[in-house]
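Chains, contacts and geometry: an overview
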2 protein chains.
Amino acid sequence: MAEASHKPVPLLKDELDIVIPTIRNLDFLEMWRPFFQSYHLIIVQDGDPTKVIKVPEGFDYELYNRNDINRILGPKASCISFKDSACRCFGYMVSKKKYIYTIDDDCFVAKDPSGKDINALEQHIKNLLTPSTPHFFNTLYDPYREGADFVRGYPFSLREGAPTAVSHGLWLNIPDYDAPTQLVKPRERNTRYVDAVLTIPKGTLFPMCGMNLAFDRELIGPAMYFGLMGDGQPIGRYDDMWAGWCIKVISDHLGLGVKTGLPYIWHSKASNPFVNLKKEYKGIFWQEDIIPFFQSATLSKDSTSVQQCYIELSKQVKEKLGPIDPYFTKLGDAMVTWIEAWDELNTPSDAKSSKPANGVAAK
Amino acid sequence: MAEASHKPVPLLKDELDIVIPTIRNLDFLEMWRPFFQSYHLIIVQDGDPTKVIKVPEGFDYELYNRNDINRILGPKASCISFKDSACRCFGYMVSKKKYIYTIDDDCFVAKDPSGKDINALEQHIKNLLTPSTPHFFNTLYDPYREGADFVRGYPFSLREGAPTAVSHGLWLNIPDYDAPTQLVKPRERNTRYVDAVLTIPKGTLFPMCGMNLAFDRELIGPAMYFGLMGDGQPIGRYDDMWAGWCIKVISDHLGLGVKTGLPYIWHSKASNPFVNLKKEYKGIFWQEDIIPFFQSATLSKDSTSVQQCYIELSKQVKEKLGPIDPYFTKLGDAMVTWIEAWDELNTPSDAKSSKPANGVAAK
């Protein structure tokens, strides 16, 4: 009985799904058990659908493999990547919850400087439930955190902040480097715990990593599309970057906030830099054009929903990035398909909601 | 002899002046002796010029009181505030060095989490000597720091960074709060050491505090004017804020970077919130208009020097902020006077440089 009081209180346990893309048994969940067991998991199985993925006992989950995705989305399944962790965004689409946390299966529980296990999910939820400050920079970082506030000179009219759409967490141990940096610095490890959460200012883009990421589906979900990567596509490892550029432009347009910083997870394993270089090299060129495109992208006042913004952005992608490579025309089309599929699965009519989207459901 | 090896190596000791505004004896320097003694100090004595300010033995300094300022600048001395720490900017003007560090006399040496004394000046110099990243956000903070780098998705074309103009340091113990926040949270102390330096992105304003601040005089000096505050003026405690808005707009225009974060100093004493409220209350209203003004301010391509930018900004201040209160017309004029005085003291002609600007010089 005494032990029960040490258990973390699961915040928002009926309002949040944990989305995990994987190709292997989910033994990594054992370490997360104290923090994740109260939540529902959505597992997106990549690769061979005949393979059986083992999930440790006691977790509440639904699992989708490629056959499930094809069955549920029909021809629209073309917008969901295969043989790339970009497939995780299918989990965002089938969730019926307000919040999503997504984590990679090579990420473990990190420790804070005092040696205590970090409850990453709890910190993400705190980040999402408190406002952001995209319109002016607060030098003492998150002003809503206990023991902190807005500093002298911070305009009072901006102290209510903006609703937070996204919480981007970081990684101890293996940093999220690109292939060239991995090749140049094979032994570099991130050992520095920076005790801060901050809002990425309006108008500023950032490299969003999908390894340890939470967001409010209702506020930004339809923009959290991880693009076309992997099998049959000319690039990989730009899935989360693509989503990051899109969600930032749309959050800025809609007056929403994006935070980065705490919580840390422990990233255990560096991926193969040679394989990564093959996946990335076109992206390394293309991002030099893509980023100026997103930096200067503006959306019309008529686009007031995330879906409208995303469709408008898809047209600009085709028009402005299409000339770089036919891939971007295909991607622009896939962005539209994604929104159509999202709306199909998320329309709140009785007819739709009575048709469960579940693949394999288990308890 | 063994002790000598523990002494900090004074970086840039012939290229940096430490500027200290004060109305009292500078006993606080005793604690800074190991870090400051190799540098030249410029002391700007505020208030009664007949008062004798004691400086601990062994420091190399020059000291200017109001009579010195009036004598050196003549009628242009009107641009230098009196009975307000804004007078410190006179020290920036008379310095002949490339770098300035300015610190308040109620700031002491802070300790890092390991208990070690923080060499604030050394960290500022590191910040100034490494580039900034104003055009894209790096989620692992300063990419030039040992053990860190640019993360995946950071455009390679931006990895050279931009020259750093300003390094804004923070405060442990008494946070830099405005009067209303001081009144509401009289016991709040900043105990959180955030181990990070980051660039404030282009297009984003921040509340710059003058308590613990370093900058490159050659890159941004003429914009580091602390305005008209204190005696005879309707506001106080907005001197550093004013400078912060101006330097940020001009740094963005000129492609320079502004960093904030480390180093911390220990801020010992909260100023009186009732006195502060009286100084601040007009600023609290005015900043609601001033900040949108600076957020939308743009400078012409023809303004390629800091002086040109500053003169252009002064015209916009008079035009756009003048209607709020006659104070801003006066401030716009003072901005021009400041530049004239700056250029007079800093023109590299033989005639000028042979006329020393020194007040009381001592060793």
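Predicted model, so just to flag it, every value in this text is computed and none were measured.

Moving on to the overall build of chain A. The secondary structure content of chain A amounts to eleven helices and ten strands. Computed over its C-alpha atoms, the radius of gyration of chain A comes to 20 Å, within 12% of the 21 Å expected for a compact globule of 363 residues. With respect to the principal axes defined by its C-alpha atoms, chain A has extents near 55 × 55 × 50 Å. When each of the 363 residues of chain A is scored for burial, the buried share is 58%. When contacts within chain A are restricted to residue pairs at least 6 apart in sequence, those whose partners lie at least 24 apart make up 75%.

Right, let's get into the relation of the copies chain A and chain B. Overlaying chain A on chain B yields an RMSD of 0.0 Å, the required transformation being a rotation through 180 degrees with an accompanying axial translation of 0.0 Å. The superposition of one copy onto the other is thereby described by a two-fold rotation axis. Taking C-alpha positions as the reference, the residue of chain A nearest the rotation axis is Val194 of chain A, at 2.8 Å. A high fraction, 100%, of the interface residues of chain A reappear at the interface in chain B, so the copies pair face to face through one surface.

On to the layout of surface pockets. All names here are of chain A. When its volume is computed, the largest pocket comes out at roughly 940 Å³. For the largest pocket, the lining is made up of 39 residues, of which Ser85, Asp104, Arg237, Ser271 and Lys279 are closest to its centre. Put simply, the parts of the chain that give the lining of the largest pocket at least two residues each are strand 1 (16-22), helix 7 (239-254) and helix 8 (273-296). Of the residues forming the lining of the largest pocket, the biggest block, four residues, is contributed by helix 8. Classifying every residue of the lining of the largest pocket by side-chain character gives 13 nonpolar, eight polar and 18 charged.

For the bond from Leu262 of chain A to Pro263 of chain A, the omega torsion is 5 degrees, close enough to zero to count as cis. Along the chain, Pro263 of chain A falls in strand 9 (residues 257-267). In this structure, Asn173 of chain B is a non-glycine residue whose phi angle is positive, near 75 degrees. Locating Asn173 of chain B in the fold gives a position in strand 6 (residues 164-173).

A word on the environment of Glu62 of chain B. Residues and elements named next belong to chain B. Within the secondary structure layout, Glu62 lies in strand 3 (residues 60-64). Linking Glu62 and Val9, residues 53 residues apart in sequence, is a C-alpha distance of 23 Å. One polar contact links Glu62 to Tyr64, side chain to side chain, over a distance of 2.3 Å.

It is worth spelling out helix 10 (residues 326-346) of chain B at this point. All names here are of chain B. Between its first and last C-alpha, helix 10 extends 30 Å over 21 residues, near the 30 Å set by a 1.5 Å rise per residue. By the burial criterion, the buried members of helix 10 are Tyr327, Phe328, Leu331, Gly332, Ala334, Met335, Thr337, Trp338, Ile339, Ala341, Trp342 and Leu345. The secondary structure elements touched by the buried residues of helix 10 are helix 2 (66-73), helix 3 (89-94), helix 6 (217-220), helix 7 (239-254), helix 8 (273-296) and helix 9 (306-321). At the N-terminal end of helix 10, a side-chain oxygen is found 2.8 Å from the backbone nitrogen of Tyr327, two or three residues along, and the residue is Asp325.

Our focus in this paragraph is empty space enclosed by the protein. All names here are of chain B. Applying the stated criterion across every chain yields a total of seven cavities of 30 Å³ or more. Of the volumes computed, that of the largest cavity is approximately 100 Å³. The wall of the largest cavity is formed by 15 residues, among which Thr133, Tyr141, Pro143, Leu198 and Thr199 lie closest to the centre. With three residues, the top contributor of residues to the lining of the largest cavity is strand 7 (residues 197-199). Residue composition of the lining of the largest cavity, by class: nine nonpolar, four polar and two charged. In this structure, the second largest cavity encloses a volume near 80 Å³.

In the UniProt entry, the feature "site: Required for activity" (unreviewed entry) is given for Arg152 and Arg159 of chain A. Overall, Arg152 of chain A belongs to the buried group, its relative accessible area being 5%. In this view, Arg152 of chain A contacts Asp176, Tyr177, Asp178, Pro207, Cys209, Arg237, Asp240, Met241 and Glu280 of chain B; residues no more than four positions away in its chain are not counted. For Arg159 of chain A, the residues in contact, after removing those within four places along its chain, are Tyr144, Phe150, Val151 and Tyr154 of chain A together with Asp178 and Thr181 of chain B.

When the parts of a complex come together, some accessible area is lost, and that lost area is often used as the size of the interface. Contacts between chain A and chain B engage 59 residues on the former and 59 residues on the latter. Between chain A and chain B, the buried area comes to about 5000 Å², and carbon and sulfur atoms account for 57% of it. Connecting chain A to chain B are eight salt bridges. The partner of Asp149 of chain B in a salt bridge is Lys185 of chain A, with the nearest N and O atoms 2.6 Å apart. Scanning the region where chain A abuts chain B turns up 26 residue pairs in polar contact (both at pLDDT 80 or more).

All right, on to the packing of helix 9 of chain B against helix 10 of chain B then. All names here are of chain B. One can describe the packing of helix 9 onto helix 10 by two numbers: an axis separation of 7 Å at closest approach and a directional angle of 165 degrees. It follows that helix 9 is roughly antiparallel to helix 10 by the angle criterion. The way helix 9 lies across helix 10 gives a crossing that is left-handed. Two secondary-structure elements touch here, helix 9 through Gln307, Tyr310, Ile311, Leu313, Ser314, Val317, Lys318 and Leu321 and helix 10 through Phe328, Thr329, Gly332, Asp333, Met335, Val336, Trp338, Ile339, Trp342 and Asp343.

A few words on the pairing of strand 6 of chain B. All names here are of chain B. When you tally the buried positions in strand 6, you get ten out of ten residues, the bulk of the element. When strand 6 meets strand 9 (residues 257-267), the two strands line up parallel, connected through nine bridges. Residue pairing for strand 9: Leu172 is matched across the bridge by Trp266. Two strands pair when backbone bridges link them, and strand 6 and strand 8 (residues 212-216) are joined in this way by three bridges, in the antiparallel orientation. Bridging from a neighbouring strand, Val166 pairs with Phe215 of strand 8.

Cut-offs used in this document
- Residues numbered from 1 in each chain as written.
- Chains lettered and ligands numbered in written order.
- Predicted model: local features only at pLDDT ≥ 70, side-chain atom pairs only at ≥ 80, totals over all residues.
- Heavy atoms only, no water.
- Helix = DSSP H or I, 4+ residues; strand = E, 2+ residues; numbered from the N terminus.
- Rg over C-alpha atoms; globule rule 2.2 N^0.38 Å.
- Buried < 20%, exposed > 50% of the residue type's maximum accessible area, 1.4 Å probe, protein only.
- Contact = heavy atoms within 4.5 Å.
- Least-squares fit on C-alpha atoms with pLDDT ≥ 70 in both.
- 1 Å grid on protein atoms, 1.4 Å probe; cavity = no way out; pocket = protein on both sides within 12 Å on 5 of 7 lines; lining within 4 Å.
- Points joined across faces, edges and corners; volume = space filled by probe spheres on them.
- Nonpolar A, V, L, I, M, F, W, Y, C, P; charged D, E, K, R; others polar.
- Polar contact = N/O pair within 3.5 Å; in protein donor to acceptor, adjacent residues only side chain to side chain.
- Expected span 1.5 Å × (residues − 1).
- UniProt positions renumbered as here; feature names shortened; annotations may be inferred.
- Buried area = accessible area lost by both parts, 1.4 Å probe.
- Salt bridge = Lys/Arg side-chain N within 4 Å of Asp/Glu carboxyl O.
- Axes fitted to C-alpha atoms, helices over the stretch in contact; angles between N-to-C directions.
- Parallel < 35°, antiparallel > 145°, perpendicular 65-115°, else oblique.
- Left-handed = near helix turned anticlockwise from the far one by under 90°.
- Pairing = 2+ DSSP bridges.

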